[in-house]
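Listed here are the chains, written in short residue letters.
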Amino acid sequence: MSTTSAGLESRRRTKAGIGPLDYSRRLWIRLVLIGTFLFLYAPIVTLIAFSFNDSRRNIVWRGFTMKYYEKALNNDGLIEAFVNSLTIAFVSTIVSVILGAMVAILLWRFRFPGQAPYEGTVMLPIVIPEICMGVAMLAFFARIGWPAGLPWPLNLGSIIIAHISFSFPFVAVVVRARLAGFNRELEEAARDLGASQWQTFRDVMIPYMRPGLVAGGLLAFTLSLDDFVITFFTSGPDTVTFPVKVYSMVRFSVTPEVNAASTVLIIVTVLLTAIALWLQNRTQPKDM
Amino acid sequence: MNEASPIIRIDNVTKRFGQSVVAVSEVGLEIREGEFFALLGPSGCGKTTLLRMLAGFEIPTEGEIYIDGQPMTGVQPNRRPVNMVFQSYAVFPHMTVFDNVAYGMKVTGVAGPEMRERVEEALELVQLAGFGDRKPDQLSGGQRQRVALARALVKRPKVLLLDEPLSALDAKLREAMQMELVRLQHTVGITFVVVTHDQSEALSMADRIAVMDRGAVKQVAPPADLYEFPNSRFVADFIGRMNLFEGKVVNANPDRLTLAVDGIGTIEVPGPPGTAMDSVGVAVRPEKTRISGLHPGNGQIAIEGVVEAIAYQGNESHIVLDLGDGARIAATLQNSSRTTTPVAAIGDRLWASWAAADTLILSD
Ligand SMILES: Nc1ncnc2c1ncn2[C@@H]1O[C@H](COP(=O)(O)OP(=O)(O)OP(=O)(O)O)[C@@H](O)[C@H]1O
Ligand SMILES: [Mg+2]
């Protein structure tokens with residue numbers, strides 16, 4: 001009896017002590033937070049943990065080992081796929097950023113007949129189901145007779161084109177949103193001070209668009225790196241990417257080797273993202 | 001200054017947006033070298049459009065603009081000998097104050113010690129010496145505007161264009177900056193063209209003012225002429241306060257006009273020779289209108305009315321008399337002593353009067 005009343009007492013006290021905006025001190029918010037983290041990160045943590053598992057079947061924990069990292073590093077097929085994936089991601093990101101930025105500027109700057117349909121068409125790859133894009137790409141490359149058996153890295157051409165086609169609209173959307181807040185007088189001021197069109201673009205527009213370019217580039221990079229469906233349809237036997245390779249490995253059995261390779265990929269992406277964000281924060285002034 | 005050659009000649013310029021919007025219509029203007037020139041007019045009258053045509057951001061639909069004798073058709077904004085201070089200031093947010101001011105020289109190939117010297121000089125001129133390393137987001141609005149000024153002045157333009165340069169500042173700072181701009185203009189000797197919709201700003205700063213209405217220039221004159229001798233009802237009403245009546249010329253002698261004025265009756269004023277228009281505007285400034293209990297006597301135009309409103313404004317009071325038939329006349333009285341007693345109360349019957357020579361006859 002006395003304990004209950006004491007408990008109530010303290011409950012009431014804490015309740016009264018929580019301000020209306022002290023959300024982090026409310027129990028249910030904490031539960032949601034913990035639940036979210038569990039849901040998001042438990043699989044990833046498990047993946048990383050089991051990459052050190054000393055067991056071929058990789059179902060129960062049998063002790064710590066690094067040997068699957070070694071094995072993965074010595075797996076030429078896996079390394080080749082990894083290099084392919086990074087190459088594709090880099091090239092398609094660079095092209096996507098340039099193309100996406102150009103589309104964004106075109107849509108923002110100019111009024112031309114058919115603008116609305118054009119905008120819709122450009123953004124279409126964002127909403128078209130990936131599987132359809134994949135089939136379309138397959139049909140397209142077969143129809144135009146895309147040459148097979150080119151030397152590396154030219155043999156990645158078809159995959160790179162496919163990746164550009166679905167990632168540049170994302171860049172365009174992000175950069176366009178950024179441009180919506182641009183003060184045209186900044187551009188005119190540069191022109192007025194004697195800058196040519198190109199100098200104005202380089203010195204005023206690009207610095208302003210930079211956060212959009214970085215964010216769009218990150219999106220394009222990660223989209224390309226982990227794309228499976230479209231790549232699957234456009235890759236040949238000698239142009240295997242990392243996701244496709246992992247898929248083929250997993251079809252036989254989930255070994256710690258797959259986990260090890262995936263862990264390396266996670267680390268690479270997280271590092272690249274962190275660097276990009278750091279660069280962006282360092283150079284980004286407040287908007288006015 | 002009258003003989004000075006025009007640095008800017010606007011020759012019959014019209015600007016249309018699309019088919020229907022005429023932003024600037026058949027404007028002809030000459031702006032003299034070293035002049036502080038103001039473009040004044042209500043919102044939407046085309047001031048900004050005219051200024052942007054001078055800077056090269058809009059292209060005249062018809063007519064030609066000459067700057068320093070050169071026709072400007074086909075000359076890009078970066079090749080014109082003018083610089084602009086934008087309404088939003090448009091200070092580059094990602095550059096320091098120094099880099100902002102240096103930018104105009106960097107792109108045109110002025111570098112090294114000469115550039116540094118000129119930047120320091122310009123920052124000094126606008127009293128921002130020592131602010132070079134700051135980013136624009138660490139400056140106040142007034143300081144940002146000084147950066148915009150320095151950035152334009154450092155280019156040593158023939159003409160400096162300013163679009164509503166003071167509209168974003170609070171009242172105190174605005175007054176200080178008005179003086180500052182005039183001082184600056186005297187120091188550098190560059191022609192200033194300022195756009196404003198604030199008549200008191202234009203009157204206090206400019207050597208000459210062009211008043212615009214719906215795309216057209218109504219009058220170009222020095223401030224005092226504009227105030228005392230407006231040439232149209234629009235200018236008379238726009239600059240300061242004005243008692244405006246409608247009337248008819250009933251008899252025109254070479255130097256005297258007899259007018260029948262609605263709400264006042266028949267009056268006789270010294271008229272401009274040769275005025276023979278039918279209906280005219282008849283106007284008098286409130287501060288030239290006197291209020292008295294008795295008829296002021298001969299030589300004055302006088303009418304009787306009932307006090308309708310009295311507005312006390314500290315330095316002066318405004319009294320409005322109802323003349324019947326919806327006609328009103330306002331008079332401004334200076335409260336020139338602390339003990340000035342109110343001359344009237346609402347409902348009193350009083351005389352409003354003014355010297356015949358202070359009557360304005362407006363044909364337009
Ligand atoms: N790019 C444009 N397209 C269509 N109409 C325009 C354009 N720019 C200006 N106008 C029109 O031209 C007219 C004059 O505009 P302007 O901006 O020159 O006015 P303003 O005198 O500067 O007014 P404010 O004091 O409000 O700035 C306005 O009716 C405006 O709607
Ligand atoms: Mg304007």
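Keep in mind that this is a model prediction, so the values were computed, not measured. Per chain, the residues get numbers from 1 upward, laid out in the order the sequence is written. Chains and ligands are labelled by the order in which they are written, letters from A for the one and numbers from 1 for the other. Reporting of local features is limited, given that this is a predicted model, to residues whose pLDDT is at least 70; pairs of side-chain atoms are given and counted only at 80 or more, and all residues count toward the totals for whole chains, interfaces and linings. Side-chain measures were taken over the full set of non-hydrogen atoms in the model, leaving aside hydrogen atoms and water.

Asker: Quick one: what's the story with the sheet that holds strand β13 (residues 265-270) of chain B, residue by residue and with numbers?
Answerer: All names here are of chain B. Judged by pairing direction, the sheet is antiparallel, and its five strands sit side by side in the order β13-β12-β11-β14-β20 without closing on themselves. Two strands lie at the open edges of the sheet, namely β13 and β20 (360-362), each paired on one side alone. Here the average twist between neighbouring strands, direction ignored, is 40 degrees. Sheet topology note: the strand β12 (residues 256-261)/β13 ladder contains six bridges and is antiparallel. Opposite Arg-256, over in β13, you have Pro-270 as the bridge partner. Pairing between two strands is assigned when DSSP locates at least 2 bridges connecting them. Numbered from the N terminus, helices here are DSSP runs of H or I no shorter than four residues, and strands are runs of E no shorter than two. Comment: axis = line fitted to C-alpha atoms, over the contacting stretch for helices; angle = value between 0 and 180 degrees taken between N-to-C directions.

Asker: Could you give an account of the packing of aromatic side chains, naming the residues involved and the relevant values?
Answerer: Here a pair means two rings of Phe, Tyr or Trp (six-membered ring of Trp) with centres within 6.5 Å. Their orientation is stacked below 30 degrees between planes, edge-to-face above 60, and tilted elsewhere. Enumeration over the complete set of coordinates arrives at 20 aromatic pairs over all chains. Look at A:Trp108 and A:Phe182: their rings are 5.6 Å apart centre to centre, the planes differ by 80 degrees, and that puts the pair in the edge-to-face class. Highlighted residues: A:Trp108 in helix α4 (residues 76-109) and A:Phe182 in the loop between α7 (157-179) and α8 (184-192), separated in sequence by 74 residues. Of the two residues examined, A:Trp108 and A:Phe182, each falls in the buried class. Grouping aromatic residues by their ring pairs yields a cluster made of A:Phe228, A:Phe232, A:Phe233 and A:Tyr247. A:Arg184 extends its terminal NZ or CZ atom over the ring of A:Trp108, reaching a point 5.1 Å from the ring centre. Whether a charge lies above a ring is judged from NZ of Lys or CZ of Arg, which has to be within 6 Å of the ring centre and within 35 degrees of the ring normal. When the ring centre of B:Phe92 is taken as reference, the NZ or CZ atom of B:Arg151 above it lies at 4.7 Å. Throughout this description, buried means an accessible area under 20% of the type-specific maximum (1.4 Å probe, protein chains only), exposed means over 50%, and partly exposed covers the range between.

Asker: Mind laying out the packing of α8(A) against helix α9 (residues 197-225) of chain A, listing which residues take part and the relevant values?
Answerer: Residues and elements named next belong to chain A. Close contact between α8 and α9 brings their axes to 9 Å; oriented N to C, the two are set at 130 degrees. Overall, the two elements α8 and α9 adopt an arrangement that is oblique. Like other packed secondary-structure pairs, α8 and α9 cross with a definite hand, here right-handed. Between α8 and α9, the residues in contact are Leu-186, Glu-187, Ala-190 and Arg-191 and Gln-197, Thr-200, Val-204 and Met-205, respectively. With respect to orientation, any angle under 35 degrees is reported as roughly parallel, any angle over 145 as roughly antiparallel, any angle of 65 to 115 as roughly perpendicular, and every other angle as oblique. Take the far helix as your reference; a near helix turned counterclockwise from it by less than a right angle gives a left-handed crossing, and one turned clockwise gives a right-handed crossing. Contacts were defined at the residue level, with two residues in contact if any of their heavy atoms lie within 4.5 Å.

Asker: Break down the pattern of salt bridges for me, with residues and values.
Answerer: Two side chains with opposite charge may pair up if their charged atoms get near one another. By salt bridge we mean one thing: a side-chain nitrogen of Lys or Arg within 4 Å of a carboxyl oxygen of Asp or Glu. Enumeration according to the criterion identifies 22 salt bridges over all chains in this entry. Of the charged contacts in the structure, one is a salt bridge between B:Glu180 and B:Arg146, with a shortest N-O distance of 3.9 Å. Here B:Glu180, found in helix α5 (residues 171-188), pairs with B:Arg146, found in helix α4 (residues 141-153); they are 34 residues apart in sequence, far enough to count as distant. Comparing B:Glu180 with B:Arg146 shows no difference in burial state: the two are buried. Note that B:Arg328 is salt-bridged to B:Glu308, the shortest N-O span being 2.8 Å. Pair noted here: B:Arg328 is in strand β18 (residues 327-334) and B:Glu308 is in strand β16 (residues 300-312), with a separation of 20 residues, a long-range link. Relative accessible area serves as the criterion here: at 42%, B:Arg328 is assigned to the partly exposed category. If you follow the salt bridges from partner to partner, you end up with A:Arg109, A:Arg184 and A:Glu187 in one network.

Asker: Quick rundown of the domain arrangement of chain B? Include the residues and the values.
Answerer: All names here are of chain B. Along its sequence, chain B is carved into domain 1 (6-237) and domain 2 (241-362). Computed over C-alpha atoms, the centres of domain 1 and domain 2 are 39 Å apart. Contacts between the two partners involve 10 residues from domain 1 and, on the opposite side, 11 residues from domain 2. Buried area between domain 1 and domain 2, both sides added, is near 860 Å², and the carbon and sulfur share of it is 48%. For the purposes of this description, domain bounds are those given by an automatic or database domain assignment. In short, buried area is how much 1.4 Å probe accessible area vanishes from two parts on joining, totalled over both.

Asker: Break down the interface of chain B and chain A for me, citing the residues and quoting the values.
Answerer: Between chain B and chain A, the residue contacts involve 29 residues of the former and 21 residues of the latter. Summing both sides of the interface, chain B and chain A together bury roughly 2,200 Å²; the carbon and sulfur share of this comes to 58%. Area buried by chain B at its contact with chain A is led by B:Asn78, B:His94 and B:Tyr103, which between them contribute 24% of it. For the pair chain B and chain A, the interface holds one salt bridge. Pairs of N or O atoms are called polar contacts if they sit within 3.5 Å, as long as, within protein, a hydrogen donor faces a hydrogen acceptor (for residues adjacent in sequence, only side-chain-to-side-chain pairs). Our count for the chain B to chain A interface comes out at 12 residue pairs in polar contact (both at pLDDT 80 or more). Secondary structure elements with two or more residues in the side of chain B that touches chain A: α1 (47-55), β6 (82-85), α2 (97-106) and α4 of chain B. Residue polarity is assigned by list, with Asp, Glu, Lys and Arg as charged and Ala, Val, Leu, Ile, Met, Phe, Trp, Tyr, Cys and Pro as nonpolar; anything else, Gly included, falls into the polar class. Taken together, the residues that form the side of chain B that touches chain A break down as 16 nonpolar, eight polar and five charged.

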